[in-house]
Amino acid sequence: MQFSLCLLPGDGIGPEIVEQAVLVLHAVGKKYGHTFTTTSALIGGAAIDAEGVPLPDATVAACKEADAVLLGAVGGPKWDTIDPAIRPEKGLLGIRKALGLFANLRPAKLFPQLKNACRLHPDVVRDGLDVLVVRELTGGAYFGEPRGQEVRNGERFGFNTMVYSESEIRRIAKIGFETAQKRNKRLCSVDKANVLDVSQLWREIVIDESKNYPDVELSHLYVDNAAMQLVQNPGQFDVIVTENLFGDILSDEAAVITGSIGMLPSSSMGDGTLALYEPIHGSAPDIADQDKANPLATILSIAMMLRFSFALEEEAAAVENAVSAVLDAGYRTGDIMESGKTLIGCREMGQKVVEQI
Ligand code: NAD
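Note that the structure is predicted; figures quoted are calculated from it, not measured.

**Q** Quick question: what am I supposed to make of the environment of Asn-321 here?
**A** Within the secondary structure layout, Asn-321 lies in helix 10 (residues 313–328). Under the relative-accessibility criterion, Asn-321 is labelled exposed at 52%. For the pair formed by Asn-321 and Gly-94, sequence separation is 227 residues and the distance between their alpha carbons is 34 Å.

**Q** What is the right way to read the environment of Gly-247 from this model?
**A** With respect to the element layout, Gly-247 can be found in helix 8 (residues 244–258). For the pair formed by Gly-247 and Val-190, sequence separation is 57 residues and the distance between their alpha carbons is 8.7 Å. Apart from the residues within four sequence positions on either side, Gly-247 is in contact with Val-133, Arg-135 and Thr-242.

**Q** Even after reading the chapter, I still don't get the layout of surface pockets, so can you show me in this structure?
**A** Over the atoms rolls a probe the size of a water molecule, and its path tells where empty space is left. Roughly 640 Å³ of internal volume is contained in the largest pocket. Surrounding the largest pocket, 28 residues form its lining, Leu-92, Leu-93, Arg-96, Arg-135 and Leu-137 being those nearest its centre. Mapped onto the lining of the largest pocket, the elements with two or more residues apiece are strand 3 (68–73), helix 4 (88–98), strand 4 (103–109), helix 8 and strand 12 (275–279). Ranked by the residues each element gives to the lining of the largest pocket, the list is headed by helix 4, at 5 residues. Here the lining of the largest pocket gathers at least three residues from each of two domains, domain 1 (1–103 + 265–357) and domain 2 (119–257). Considering only enclosed or pocket space, the second largest pocket measures out at about 460 Å³ in volume. Forming the boundary of the second largest pocket are 20 residues, of which Lys-109, Asp-130, Arg-183, Arg-307 and Glu-320 lie nearest the centre. Among the elements of the structure, strand 4, strand 5 (130–136), helix 9 (296–308) and helix 10 are those that each provide at least two residues to the lining of the second largest pocket. Residue composition of the lining of the second largest pocket, grouped by class: 9 nonpolar, 4 polar and 7 charged.

Conventions used here
Residues numbered from 1 in each chain as written. Predicted model: local features only at pLDDT ≥ 70, side-chain atom pairs only at ≥ 80, totals over all residues. Heavy atoms only, no water. Helix = DSSP H or I, 4+ residues; strand = E, 2+ residues; numbered from the N terminus. Buried < 20%, exposed > 50% of the residue type's maximum accessible area, 1.4 Å probe, protein only. Contact = heavy atoms within 4.5 Å. 1 Å grid on protein atoms, 1.4 Å probe; cavity = no way out; pocket = protein on both sides within 12 Å on 5 of 7 lines; lining within 4 Å. Points joined across faces, edges and corners; volume = space filled by probe spheres on them. Domains from an automatic or database assignment. Nonpolar A, V, L, I, M, F, W, Y, C, P; charged D, E, K, R; others polar.

Keep in mind these values describe shape, not function.
And the structure:
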């Protein structure tokens, strides 16, 4: 089969890690008889330098023509003092919006080989940790109206509105159920239905939608309890679905527990088939251009792309197994290094994964 990718390498370590991920993709193509064609486009600081804006129209057009988008990372100190309206991060928000990506999927997995990096007591993660947070990305308090600041009776007020329509809840719930179907068929919906009206609607709609997915076991947690359960007993979770603000916090919490930011992929998807894949970390300017970056989060983003965009489950598993085998063989980049292991750079790590495939 043939698939086209739009690459958005971005800034800092972005180009280095994307280069390795693409080499891995081509190795998959060679082994399984697929062709992956790629085009590159500008985003973030690189786009500001070349075109004066963080998201040129040509980049949006190139993404829309592709079957999937792979992003490195954006931002860096060079652009920290420019006009906030055209900061590199605006490119990231802009592309999600332009492509209508309303669901963010972030798996937080503790590789057994990296269990020493985990922040939790070994007893707590005895059963492992493999949670996927599905976060609603374009609604809730971050976008709701009215919002702003005003003076009321001589005192300043700040306010935002956490608002969701039934259709917004239904479409993210569907993604939650469908994602759970591809994993261990357990979905935990996180809300604050004991206090918030918007959460009461959320819960009603999620329960209603569950009728279409009888094979998925649905549970509910209040967000405060979910935050506690993630550190007390993370093994109980398979897929968590939640609204934008709760998901922002819980997905970071789940990620940091693993202790390995350089290992975690993500994907953002919408109604159509086009999705964007990226590592969860930033552009790591402190190690850029030194061949020190860990490319595995980006390589694992390729595995997500193969599974979710191209329905190539065997190929996705091949990438994940290759990463696991390289870790088993003791190879580590600096961020996941521990004594007794072999320190290698970004390029060599990519090469090792290619060899395993
Ligand atoms: P960061 O994730 O870039 O780096 C945090 C720390 O983790 C650094 O010490 C870095 O060296 C290390 N690190 C991150 N990824 C790594 C990898 N793959 N291999 C090895 N080490 C890695 O976060 P930050 O320092 O807060 O932000 C740096 C820049 O990235 C900022 O301009 C920020 O706005 C931007 N940023 C972009 C994204 C994105 O593009 N999605 C996300 C977060 C931050």
